[in-house]
Structure formats: C-alpha cells, structure tokens
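The residues making up each chain are set out below.
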Amino acid sequence: MRELRESIIRLDQVPAEGLGLKGVIAPARLERLAAAVASLDRPVEVDLRLQRESDVYLLTGSVHGSVTLECEYCRGTFEQPLPQRLFLSVDPNPERALYRDPSQKGEVWVMEHADEQVEAPEGELDLIGALEDEWLLAIPHSPRCAEGCKGLCPVCGTNRNEAECGCAQPRRENPFDILAQLKKDE
Ligand SMILES: [Zn+2]
Ligand SMILES: [Zn+2]
C-alpha cells in the first residue's frame, strides 16, 4: 500500500462526496507516538474518509497497526493493537460556542464539544497530529502483557512468568493486619 501523502488538509478543499484517505503511515511520521511506546516498528495502515456533515467534518474508517509496549509488571514487551475503528469529528471553527450535533442532522444544538472533537483552526486539519492524539489516548497507563502476568520477583528479579524462584515474598503492609495486631495487644 502506498504511503499516505496527506498530512495537513484544507477542509474547504474537501469535495462534497468526501475525501478518501487510504494508505500507510511510516513510523518516522509518528514521532510523538513512537516516543510514548517501547517501539513502533511497522507502518500503520489507514482507510479513512473525511466528509462534511452539517457544521463539522467527520473523519471515520478503519485502522490496522500496533505498537510495542513494555509490561509494567514483568518488563517484557508485547504488541498492543491500535483501535480498529476511528470516529472523530473535526471542527473548522472551534471558537464558536454552539454548533449543531452532526448525529441529529442539524436539529439539535449542543453546548459542549464532544470528547473526540478535533480542532482545525484556520480550516486546516493536521491529520497526522489528530491520529497521533487519538492513538496516544488509547495506550494504557499501566501496560500489562497479560491479565495473569505475575511480574518480577521483588527479591531476586526473576520473571515469575518463566520460573519459580522460591524466594520468601516480603509481606505487604496491610492495614487490617495492623488492626488485628492492635486487637491482640489489648
Ligand atoms: Zn508482564
Ligand atoms: Zn526471587
């Protein structure tokens, strides 16, 4: 698939039937995303459409790509797919306080910007920037390679997913234990 050429898009040049945006985005063009993960090794494939809908533009479509994250528990790396569906509304006039809700075909006026609202000041959409913002939000705060990851042994550092080291585990301070101890001492 060809490299996606578009990076900055002038919204007033989007044709009435919409603009197809299909291609791959090389890791080198996704610097902020690459900096936030362990590694970004492969291009991200997108098949998107940008279309005017009432006062805003909708950027929708599918995404195929993944980032490599480091597990916070065992320090191993694992692949995390990017969300496969994209749905963003792009506002060419972010200073306006009111705009029509695109899902209501202009019938309803809403006061606040939707969470997934992307601003396009001066009518210019920074496509790569908007995609990076969206993907950065999708990265978990505490990456975990698997639901049952046992992490590293705090005593000897062995990866407990791979081997049992048999170390006596330090007990965690538990407020209930302290209470129980106080009761006993009474
Ligand atoms: Zn892990
Ligand atoms: Zn150990």
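Please read all numbers here as calculations on a predicted model, not as lab measurements.

**Some details on the overall build of the protein chain**
- Helices and strands together make up the secondary structure of the protein chain, namely three helices and 11 strands.
- Order of helices (α) and strands (β) in the protein chain, N terminus to C terminus: β-β-α-β-β-β-β-β-β-β-β-β-α-α.
- For the protein chain, the proportion of its 186 residues judged to be buried stands at 19%.
- Long-range pairs, those at least 24 residues apart, make up 58% of the contacts in the protein chain with a sequence separation of at least 6.

**Here's the deal with the nonpolar core**
- In terms of nonpolar packing, the biggest core is built from 26 residues, with Leu-33, Val-46, Leu-59 and Val-90 touching the most fellow members.
- Setting aside anything within four residues of it in sequence, one finds Leu-33 in contact with Leu-40, Val-67, Glu-132, Trp-135 and Leu-136.

**Considerations on the pairing of strand 6 (residues 77-81)**
- Relative to strand 6, strand 5 (residues 66-70) runs antiparallel, the two sharing five bridges. Bridging from a neighbouring strand, Val-67 pairs with Gln-80 of strand 6.
- Counting the residues in the hairpin turn of strand 5 and strand 6 gives six residues, including Arg-75, whose phi is positive at 65 degrees.

**With respect to unusual backbone geometry**
- Its identity as a non-glycine residue notwithstanding, Arg-75 has a phi of 65 degrees, on the positive side.
- With respect to the helices and strands, the residue Arg-75 is situated in the loop between strand 5 and strand 6.
- Judged by local crowding, Arg-75 falls into the partly exposed class, with 13 C-beta atoms found within 10 Å.
- If you check the backbone angles, Glu-122 has positive phi at about 60 degrees while not being a glycine.

**Describing the sheet that holds strand 2 (residues 19-25)**
- Spatially, five strands are ordered 2-3-4-7-10 in an open sheet, and the strand pairing comes out mixed. A strand with exactly one partner marks an edge of an open sheet, and here the two such strands are strand 2 and strand 10 (117-119). Strand-to-strand, the axes of this sheet are offset by a mean angle of 25 degrees, without reference to chain direction.
- Pairing of strand 7 (residues 85-91) with strand 10 involves three bridges; the strand directions are parallel.

**As for the environment of Gly-18**
- Within the element layout of this structure, Gly-18 appears in the loop between strand 1 (8-10) and strand 2.
- Excluding residues that lie within four positions of it along the chain, Gly-18 makes contacts with Arg-49, Leu-50 and Gln-51.

**As for helix 2 (residues 127-138)**
- In this model helix 2 runs 17 Å from its N-terminal to its C-terminal C-alpha over 12 residues, within 8% of the 16 Å that 1.5 Å per residue would give.
- Inspection of helix 2 places Leu-127, Leu-131, Glu-132 and Trp-135 among the buried residues, and these make up the whole buried set. What you see down the axis of helix 2 is that its buried residues fit within an arc of 125 degrees, all on one side.

**Quick look at the environment of Cys-153**
- With respect to the secondary-structure elements, Cys-153 resides in the loop between helix 2 and helix 3 (175-185).
- It is 9.1 Å that separates the C-alpha atoms of Cys-153 and Glu-164, two residues lying 11 residues apart in sequence.
- Every residue in contact with Cys-153, bar those within four places of it in the chain, is listed here: Thr-158, Arg-160, Cys-165 and Cys-167.

**Re the confidence of the model for the protein chain**
- Per-residue pLDDT for the protein chain has a mean of 86; in total, 80% of the residues score no lower than 70.
- When the criterion is pLDDT under 50, residues 106-114 qualifies, and its contacts beyond four places in sequence or with other chains add up to nine contacts.

**Regarding the environment of Gly-148**
- Here Gly-148 shows up in the loop between helix 2 and helix 3.
- For Gly-148, a count of 7 C-beta atoms within 10 Å puts it in the exposed group.
- As for Gly-148 and Asn-161, which are separated by 13 residues in sequence, their C-alpha atoms are 8.8 Å apart.

Conventions used here
- Residues numbered from 1 in each chain as written.
- Chains lettered and ligands numbered in written order.
- Predicted model: local features only at pLDDT ≥ 70, side-chain atom pairs only at ≥ 80, totals over all residues.
- Helix = DSSP H or I, 4+ residues; strand = E, 2+ residues; numbered from the N terminus.
- Buried ≥ 20, exposed ≤ 12 C-beta atoms within 10 Å, placed from the backbone.
- Contact = placed C-beta atoms within 7 Å.
- Core = buried A, V, L, I, M, F, W, Y, C linked by C-beta atoms within 7 Å.
- Pairing = 2+ DSSP bridges.
- Axes fitted to C-alpha atoms, helices over the stretch in contact; angles between N-to-C directions.
- Expected span 1.5 Å × (residues − 1).
- Arc of directions from axis to C-beta.
- pLDDT = per-residue confidence, 0-100.

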